Amino acid sequence: MPGRQPMTTTTYEGEQHIIAAAQHILKLLGENKNLTGDFRRALTELDSHLSAMTIINESKRWGFAEVEEQLKCAERKVMRWESNPSLIWDSGPAEASEYIQAVNEIHTVMETLGGLPMNDHGRPKELAFRAQCVQQIAMSRLEEELYHILVQHKQSFESKNIYFPPSVDFFYDESFVSVEDEIVEDTSQRDNSGRESTEYTVDLIDPLVIPDIKSIASVMFASGYDREFCEAFIGNRKEALDEHLSNLEIQKLSIDDVLKLEWDTLSCEIKKWVRAVKIIIRVYLASEKRFCNQILGDFGSLDSYCFVEISRASVLYLLSFGEAIAMGPYNPEKLFRFLDMYEVLADLHLDMEALFSEVANSYVTSEFHDLLRRLGESASTTFFKFGNAIALDASIHPFRRGEIHPLTRYVMNYIKTLTAYCDTLNLLLNDQDVDDPNPVLETDNGQDICTSTFSPMGCHLRSITSTLESNLICKSKLYKDGSLGHIFLMNNIHYMVQKVKGSELRLFFGDEWIRKHNGKFQQHATSYERATWSAVVSLLRDDGRTSLKERCRRFSNAFDDVYKIQTQWRVPDLHLREDLQISTSQKVIPAYRAFLGMNDKNGSDKYIKYTSDDMEKMLLDLFVGSPRSLRNSHRW
């Protein structure tokens, strides 16, 4: 036995000499200024291990007294807070720092004990078990502190202060009820500039407490409780995201629930979804990912892992709502919502790639791009079905008073609204072929008015109006009075021309289309005059068989019949009505005055019911849309 002590001492001293020599070499290497950052970190870690070996060797030599005293001191600091209802980090930085130091000391004790040999009485094992119990208590407390800090220092997120361009509203009824012009007058003001240049990130947690959260993360990770930290962190951040979705009025609806919603409710939900998706992805999740990196960026890929776990469920829910919408049905009113949803996702695809860039997260981006494709297909399908719906809109009764048909108003306002989505529609329609009914589109000087006229959207819009014209011609044949059929076509084609001339539609239709359709409604005005007034004026002619009195009677009766009927007809556009009244007057009044002048010497005035002035005034009553009583005769 006496001979063994020198051997133990010699062994200890030999180990200490080796450690000291290694530390000296590390010091010399560290003075080299050309070392890379990774190499310096490796040297630092090696130096820490050598220091730990020194402590372990000291413990082996001198026993457990110092280790046990260190554990007792740290244990007192930890257990003191177990009976205190206060929160450590609310008690000030000194208390928090002391607690973190105590936890670190417990970890050091456990490392030290792990390097010591067991004796017959199991003393190292007893101290290790005791240290482990205290460590578990401390870890549980740190989880509570972490959750409290995250909740207590959450920053208010005023999404209402973030402006994104509003989506287009359009009112639809399957029967094509009247669509008032003012509903869509402002749609040309829609911001179609694409992605905003401003990037939004906000502080979701008060930046002042980030060092506190990082200190908790560091000590929990060092103690082997990284999984517990991540679970607590992820749980809190998921709750915060759910709360924000609720603030954005996003309901958690299943696909079946979405499909059962009435259109008015569904349209409101889609508008909320469009705004929420943009805020969540571009603002909230970008800020959340930055926050995860601030806390966990020093721990490998855990920041990415935690971010995905926090965001995945909510992002996939938002995408599932979009999938339910893309299922149809493809009614015309849905086109604008499809386009709104498609545009917001197309605008956010780079943001999504940045958020979920890792290969392991490809499922989320794959679902995102799949929804983008399906929404594009739904928009295209709906657009084509719109043209079919126009062709199939049949009537069994003529529209009252020959006015502008609700179908005409609806279609023209509908396609006018579509110009706000021209870039998107051109992209979606680019691979589609359509027979263009207006292949030649030139300005007065023979130059193309705009490339928009030859774009896929321009071709499709002109195809739609061609279908509309064909439908209107069919509807005009429902009138028993052919003159009213001409008034109906004149009103409707004139309305189409005015809509094209006074909006962005002009870029897609071109001046040639406008000239052609100006000629069309003017031709219907001429046809009306011929069908109505040529027969009436012909009654004034002397055929050699009819007496002057009879001619005057027949003419007056025919004029009265036209007056009683056509004051009920309506030309809504004031300028068009005045032009038609003037044109009619120019056809009737000169012929009537000539008749009066030729028969003045024959005593015709005793058979005359109206003077030319009376008749000229009465013609101004035509097309106002309300029946008028006949004026008193001048003489009969």
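Calculation rules
Residues numbered from 1 in each chain as written. Predicted model: local features only at pLDDT ≥ 70, side-chain atom pairs only at ≥ 80, totals over all residues. Heavy atoms only, no water. Helix = DSSP H or I, 4+ residues; strand = E, 2+ residues; numbered from the N terminus. Buried < 20%, exposed > 50% of the residue type's maximum accessible area, 1.4 Å probe, protein only. Contact = heavy atoms within 4.5 Å. Areas by Shrake-Rupley, 256 points an atom, 1.4 Å probe, with all protein chains shown as cover. Expected span 1.5 Å × (residues − 1). Bend = angle between axes of the 7 residues up to and from the residue. Core = buried A, V, L, I, M, F, W, Y, C linked by side-chain atoms within 4.5 Å. pLDDT = per-residue confidence, 0-100. Salt bridge = Lys/Arg side-chain N within 4 Å of Asp/Glu carboxyl O. Phe/Tyr/Trp six-rings, centres within 6.5 Å; stacked < 30°, edge-to-face > 60°. Lys NZ or Arg CZ within 6 Å of the ring centre and 35° of its normal. Polar contact = N/O pair within 3.5 Å; in protein donor to acceptor, adjacent residues only side chain to side chain. Axes fitted to C-alpha atoms, helices over the stretch in contact; angles between N-to-C directions. Parallel < 35°, antiparallel > 145°, perpendicular 65-115°, else oblique. Nonpolar A, V, L, I, M, F, W, Y, C, P; charged D, E, K, R; others polar.

Colleague: Help me understand the overall build of the protein chain in this model?
Modeller: From N to C terminus, the protein chain includes 20 helices and 0 strands. By residue count, 46% of the 636 residues in the protein chain fall in the buried class. Sequence-distant contacts, at least 24 apart, represent 81% of the contacts inside the protein chain between residues at least 6 apart. As presented, the protein chain carries roughly 32200 Å² of accessible surface, and 51% of it is formed by carbon and sulfur atoms.

Colleague: Help me understand helix α10 (residues 302-326) in this model?
Modeller: For an α-helix, 3.6 residues make a turn, and residues three or four places apart therefore share a direction. Taking 1.5 Å of rise per residue, the 25 residues of α10 would be expected to cover 36 Å, and the 35 Å separating its terminal C-alpha atoms lies within 8% of that figure. Residue serine 311 marks the point of greatest curvature in α10, where the axis turns by about 40°. In terms of residue burial, α10 counts as a mostly covered element, since 19 of its 25 residues are buried. Downstream of α10 by one or two residues, glycine 328 has phi in the positive range, about 105°.

Colleague: What am I meant to see in the nonpolar core here?
Modeller: Nonpolar side chains tend to gather and get buried jointly when the protein is soluble and globular. Judged by nonpolar contacts, the single largest core of 161 residues is most densely connected at Ile213, Phe229, Phe233, Trp273, Ile415 and Leu418. It is helix α9 (residues 263-296) that provides the largest number of residues to this core, a total of 16 residues. Those residues within four positions of tryptophan 273 in sequence are excluded, and the remaining contacts are Ile250, Leu318, Phe321, Gly322, Met341, Val344, Leu345 and Leu371.

Colleague: Whenever I open this one, the confidence of the model for the protein chain confuses me. Can you help?
Modeller: Parts of the prediction with low pLDDT should not have their coordinates interpreted in detail. When the pLDDT values of the protein chain are averaged, the result is 82; 76% of them are 70 or greater. Of all helices and strands in the protein chain, the one with the weakest mean pLDDT is helix α1 (residues 4-30) (55), whereas helix α16 (residues 482-501) scores best (96). Between residues 172-178, whose pLDDT stays under 50, and residues either more than four places distant or in other chains, the model counts 12 contacts. Between residues 192-197, whose pLDDT stays under 50, and residues either more than four places distant or in other chains, the model counts 13 contacts.

Colleague: When you look at the environment of glutamate 82 in this model, what are you seeing that I'm missing?
Modeller: On the secondary structure map, glutamate 82 appears in the loop between α3 (65-80) and α4 (93-114). Among the residues examined, glutamate 82 registers a relative accessible area of 40% and is labelled partly exposed. Residues glutamate 82 and arginine 141, 59 residues apart in the sequence, show an inter-C-alpha distance of 8.2 Å. Each residue touching glutamate 82, except ones within four places of it in the same chain, is listed here: Ile137 and Arg141.

Colleague: Whenever I open this one, the pattern of salt bridges confuses me. Can you help?
Modeller: Pairs can form between side chains of opposite charge once their charged atoms are near each other. All told, the structure shown has 33 salt bridges when counted by the stated rule. Here arginine 554 and glutamate 550 are joined by a salt bridge, their closest N and O atoms 2.9 Å apart. Placement of both arginine 554 and glutamate 550 in helix α18 (residues 548-566) is noted, with a separation of 4 residues, approximately one turn of the helix. Linked through salt bridges whose partners overlap, the residues forming this network are Lys278, Arg282, Asp347 and Asp351.

Colleague: How should I be thinking about the packing of aromatic side chains in this particular structure?
Modeller: Aromatic ring pairs: the centre-centre distance and the angle between the two ring planes describe each pair. Taken as a whole and assessed by the stated rule, the structure comprises 20 aromatic pairs. A ring pair is formed by phenylalanine 509 and tryptophan 513, whose centres lie 4.8 Å apart and whose planes are at 70°; its orientation type is edge-to-face. Taken together, the residues phenylalanine 509 and tryptophan 513, both in helix α17 (residues 505-538) and 4 residues apart, mark about one turn of the helix. Of the residues examined, phenylalanine 509 reaches a relative accessible area of 0% and is grouped as buried. A network of ring pairs unites the aromatic residues Phe221, Phe229, Phe233, Phe291 and Phe299 as a single cluster. Lying over the aromatic face of tyrosine 317, lysine 252 brings its terminal NZ or CZ to 5.7 Å of the ring centre.

Colleague: Help me out: how do you make sense of the side chain of serine 267 in this one?
Modeller: As for its position among the elements, serine 267 is in helix α9. Assessed through its relative accessible area of 10%, serine 267 is described here as buried. Here arginine 337 takes part through its side chain, which lies 3.1 Å from a polar atom of the side chain of serine 267.

Colleague: In this structure, what is going on with the packing of helix α11 (residues 334-355) against helix α13 (residues 406-418)? I would like to understand it.
Modeller: The axes of two packed helices give the description: the angle between them and the distance between them. Put simply, α11 and α13 touch, their axes get as near as 11 Å, and they point 5° apart. As the angle between them shows, α11 and α13 are arranged roughly parallel. Contacts from Leu335, Phe336 and Leu339 in α11 reach Tyr414, Thr417 and Leu418 in α13. Partitioning the contact of α11 with α13 into residue classes produces 5 nonpolar, 1 polar and no charged.

Colleague: What am I meant to see in unusual backbone geometry here?
Modeller: Peptide bonds are mostly trans, and most non-glycine residues show a negative phi. Although it is not a glycine, glutamate 249 adopts a positive phi angle of roughly 65°. Phi at arginine 401 is positive, roughly 60°, even though this residue is not glycine. Residue position: arginine 401 is located in the loop between α12 (362-392) and α13.

Colleague: How should I be thinking about the environment of threonine 112 in this particular structure?
Modeller: Here threonine 112 shows up in helix α4. Residue threonine 112 is classed as buried on the basis of its relative accessible area, which comes to 5%. Separated by 45 residues in the primary sequence, threonine 112 and valine 67 have C-alpha atoms spaced 7.8 Å apart.

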